[in-house]
Amino acid sequence: MNSSGNSALKAFLDRVRPRYAARVEAPGLSLPDRLSAVEPSPALTHHRRRSRLRATAARELANVVRWSEGEEAVAAGLLADVGVAVLLQEAADVYEPLYEGAQAGDFDLVEAERRVFQFDHHELTQRLLDEWRVPPAIAATLAEARDGGDAAITLRRPARLVYVAELLAAVV
């Protein structure tokens with residue numbers, strides 16, 4: 001990411017941070033109320049359905065192959081695109097057409113985000129996860145799963161689960 005992207009992401013986070021400050025509660029993480037309090041648009045409803053499908057698919061895949069990493073994959077599946085949810089709520093006028101166009105196959109979402117915002121939802125997600133002190137293993141699983149299409153990379157089990165679950169969720 002270039003320096004303008006860093007400053008654009010920082011400025012965006014500075015603006016929305018008070019509304020998305022997470023509460024870390026033992027033994028786990030409680031997500032900000034803002035992520036569930038907004039009356040969802042059709043795009044946000046789609047995104048939420050896809051996130052739940054990704055998490056459920058990760059859990060079911062783990063059960064089928066009898067891997068113990070299912071819960072890590074479920075958490076990663078739910079949090080994978082939290083940056084999309086934030087953008088759909090905080091920049092809806094600009095972001096919804098990008099999201100819907102990418103879902104229709106008109107263009108690549110990440111490229112469009114970088115062109116419009118100078119950062120993408122993966123970068124935003126990573127920064128939010130860092131600020132929310134999400135366990136590093138979950139953040140690493142997400143980063144690894146994003147590279148899952150590279151046959152030269154051998155993914156850890158949770159990342160494999162999230163990668164395959166994302167392929168399944170992409171159908172909706």
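Conventions we followed
Residues numbered from 1 in each chain as written. Predicted model: local features only at pLDDT ≥ 70, side-chain atom pairs only at ≥ 80, totals over all residues. Heavy atoms only, no water. Helix = DSSP H or I, 4+ residues; strand = E, 2+ residues; numbered from the N terminus. Buried < 20%, exposed > 50% of the residue type's maximum accessible area, 1.4 Å probe, protein only. Areas by Shrake-Rupley, 256 points an atom, 1.4 Å probe, with all protein chains shown as cover. Polar contact = N/O pair within 3.5 Å; in protein donor to acceptor, adjacent residues only side chain to side chain. Axes fitted to C-alpha atoms, helices over the stretch in contact; angles between N-to-C directions. Parallel < 35°, antiparallel > 145°, perpendicular 65-115°, else oblique. Contact = heavy atoms within 4.5 Å. Nonpolar A, V, L, I, M, F, W, Y, C, P; charged D, E, K, R; others polar. 1 Å grid on protein atoms, 1.4 Å probe; cavity = no way out; pocket = protein on both sides within 12 Å on 5 of 7 lines; lining within 4 Å. Points joined across faces, edges and corners; volume = space filled by probe spheres on them. Salt bridge = Lys/Arg side-chain N within 4 Å of Asp/Glu carboxyl O.

*Asks:* In this structure, what is going on with the overall build of the protein? I would like to understand it.
*Replies:* Of regular secondary structure, the protein possesses 10 helices and two strands. Helices (α) and strands (β) of the protein occur, in sequence order from the N terminus, as α-β-β-α-α-α-α-α-α-α-α-α. Residue burial in the protein is summarised as follows: out of 172 residues, 44% are buried. Approximately 9000 Å² of the protein is accessible, and the part contributed by carbon and sulfur atoms is 55%.

*Asks:* Got a minute to help me understand unusual backbone geometry in this structure?
*Replies:* Residues apart from glycine generally show negative phi values, whereas peptide bonds are mostly found in trans. Positive phi is not limited to glycine here, since Arg-66 has a value of about 60°. Of note, Arg-66 is situated in the loop between helix 3 (42-65) and helix 4 (70-79). Here the phi dihedral of Arg-133 falls at roughly 55°; this positive angle occurs in a residue that is not glycine. Relative to the helices and strands, Arg-133 is located in the loop between helix 8 (121-131) and helix 9 (136-146).

*Asks:* Would you mind showing me how to read helix 8 here?
*Replies:* In an α-helix, one full turn covers 3.6 residues, which means residues spaced three or four apart are oriented alike. What helix 8 keeps buried is the set His-121, Glu-123, Leu-124, Thr-125, Leu-128 and Leu-129. Where helix 8 starts, the residue carrying a side-chain oxygen 2.8 Å from the main-chain nitrogen of His-122 turns out to be Asp-120. Looking at the residues trailing helix 8, positive phi occurs at Arg-133, about 55°.

*Asks:* Mind showing me how you'd approach the packing of helix 5 (residues 82-90) against helix 6 (residues 92-103) here?
*Replies:* Relative orientation and spacing of two packed helices are given, respectively, by the angle between their axes and the distance between those axes. The geometry of helix 5 relative to helix 6 is characterised by a closest axis approach of 6 Å and an angle of 130° between their N-to-C directions. Comparing the axis directions of helix 5 and helix 6 gives the class oblique. Contacts between helix 5 and helix 6 involve Val-84, Leu-87, Leu-88, Gln-89 and Glu-90 on the former and, on the latter, Ala-92, Tyr-95, Glu-96 and Tyr-99. Across the contact of helix 5 with helix 6, the residue classes break down as six nonpolar, one polar and two charged.

*Asks:* Looking at this structure, how should I read the layout of surface pockets?
*Replies:* In this structure, the largest pocket spans a volume of roughly 530 Å³. Arg-50, Asp-81, His-121, His-122 and Glu-166 are, among the 23 residues lining the largest pocket, the residues nearest its centre. The set of elements that each furnish at least two residues to the lining of the largest pocket consists of helix 3, helix 6, helix 7 (109-117), helix 8, helix 9 and helix 10 (157-169). In terms of residue count, helix 10 provides more of the lining of the largest pocket than any other element does, four residues in total. Looking at the lining of the largest pocket, its residues break down into 13 nonpolar, four polar and six charged.

*Asks:* What's the story with the pattern of salt bridges in this structure? I'm lost.
*Replies:* Oppositely charged side chains can form a pair if their charged atoms are brought close together. In this structure the tally under the stated criterion is 12 salt bridges. Of the charged contacts in the structure, one is a salt bridge between Arg-59 and Glu-71, with a shortest N-O distance of 3.3 Å. Of this pair, Arg-59 sits in helix 3 while Glu-71 sits in helix 4, placing them 12 residues apart in sequence. Residue classification places Arg-59 among the partly exposed residues on the basis of a relative accessible area of 32%. Salt-bridge contacts for Glu-69 lead to Arg-157; the nearest nitrogen and oxygen are separated by 3.8 Å.

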